[in-house]
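Coordinate inspection notes
Chain by chain, the residues:
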Amino acid sequence: MKRYQEDFIALAREHNVLKFGEFTLKSGRTSPYFFNAGAFATGAALAALGRYYAQCIVEAGVEFDVLLGPAYKGIPLATATAIALSDHHGRDVPFAYNRKEAKAHGEGGVLVGAPLDGRVLVIDDVMTAGTAVTEVIGLIEQSGARFAGVVIGLDRQERGQGVLSAVQEIELTHGAPVISLIGMSDIIEYVEQDGDLAQDGVLAAMRNYRTKYGVQCTN
């Protein structure tokens, strides 16, 4: 793993964002881990997240003109990433976010911030079914802009209803990359290096879950 990936997992553990145990997901699956980005709830944590997302974007070399943060968790993530790109990489990029409901007064509409022009890169936490991302892709296209890809914190790297993951389905359908800071494989690597977690049976549970639900991927 790269340094920022290790730091991201450590931050997630510190803030109880990444937890191990038995968790029933919306899909009905019993997962040995759970990731809740909403628990990143301090200024220092958000600043660190922005740096990690920015580093991931720079290293991926993805080309874009505007950042878009989907409501709700994507809003602070896109904001922090825009700040980090400016402060640490010398790139001042416009960003926008959407509302769940359109406003009839003020600036109106569902989009707030910079106009969606050119290539739009979406910033979010995780992708489960891909529904939220599909909706914002629609907003991007309605604005006359082009969907450049998505950057997420975690790729669970597991199948949806079919043989593909939500990430793979988005990439296949829209022809744009989904870039993740970490994937389930990185979490497994982290657990392998933590003797206490391995002794608690977390490693075996993670490996079994990947065998049962995992998809083939390069991350």
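From a predicted model like this one, the values you see are computed outputs, not experimental measurements. (Residues numbered from 1 in each chain as written. Predicted model: local features only at pLDDT ≥ 70, side-chain atom pairs only at ≥ 80, totals over all residues. Heavy atoms only, no water.)

To continue, consider the overall build of the protein chain. Along its length, the protein chain carries 8 helices and 8 strands. In terms of overall dimensions, the protein chain has C-alpha extents of about 55 × 40 × 30 Å along its principal axes. When the 219 residues of the protein chain are sorted by exposure, 47% land in the buried category. When the accessible surface of the protein chain is summed, it comes to about 10,800 Å², and 48% of that surface belongs to carbon and sulfur atoms. Both charge centroids of the protein chain, one from 19 positive and one from 26 negative side chains, sit 4 Å from each other. (Helix = DSSP H or I, 4+ residues; strand = E, 2+ residues; numbered from the N terminus. Buried < 20%, exposed > 50% of the residue type's maximum accessible area, 1.4 Å probe, protein only. Areas by Shrake-Rupley, 256 points an atom, 1.4 Å probe, with all protein chains shown as cover. Lys, Arg positive; Asp, Glu negative; His and termini not counted. Charge placed at Lys NZ, Arg CZ, Asp CG, Glu CD.)

Next up on the list: the packing of aromatic side chains. On inspection of all chains with the given rule, the structure shows 5 aromatic pairs. Taken together, a centroid distance of 6.3 Å and an interplanar angle of 80° make the contact between Phe-8 and Tyr-52 edge-to-face. In this pair, Phe-8 sits in helix α1 (residues 3-14) while Tyr-52 sits in helix α2 (residues 43-60), placing the two residues 44 residues apart along the sequence. Take Phe-8 and Tyr-52: they sit in the same class, and that class is buried. Taking the ring centre of Tyr-33 as reference, the NZ or CZ of Arg-156 above it sits at 4.3 Å. (Phe/Tyr/Trp six-rings, centres within 6.5 Å; stacked < 30°, edge-to-face > 60°. Lys NZ or Arg CZ within 6 Å of the ring centre and 35° of its normal.)

What follows deals with helix α8 (residues 202-213). Helical geometry: 3.6 residues make up each α-helical turn, so side chains three or four residues apart lie on a common side. With 12 residues, α8 should cover 16 Å at 1.5 Å per step; its first-to-last C-alpha distance of 16 Å lies within 8% of that length. Every buried residue of α8 is listed here: Val-202, Leu-203, Met-206, Tyr-209 and Tyr-213. All buried residues of α8 project into a common sector of 130° when viewed along the axis, lining one side. Along α8, the residues that are exposed and aim more than 90 degrees away from the buried face are Asn-208, Thr-211 and Lys-212. Of the surrounding secondary structure, the elements contacted by the buried residues of α8 are β1 (18-24), β2 (30-35), α6 (184-192) and α7 (195-199). (Expected span 1.5 Å × (residues − 1). Arc of directions from axis to C-beta. Contact = heavy atoms within 4.5 Å.)

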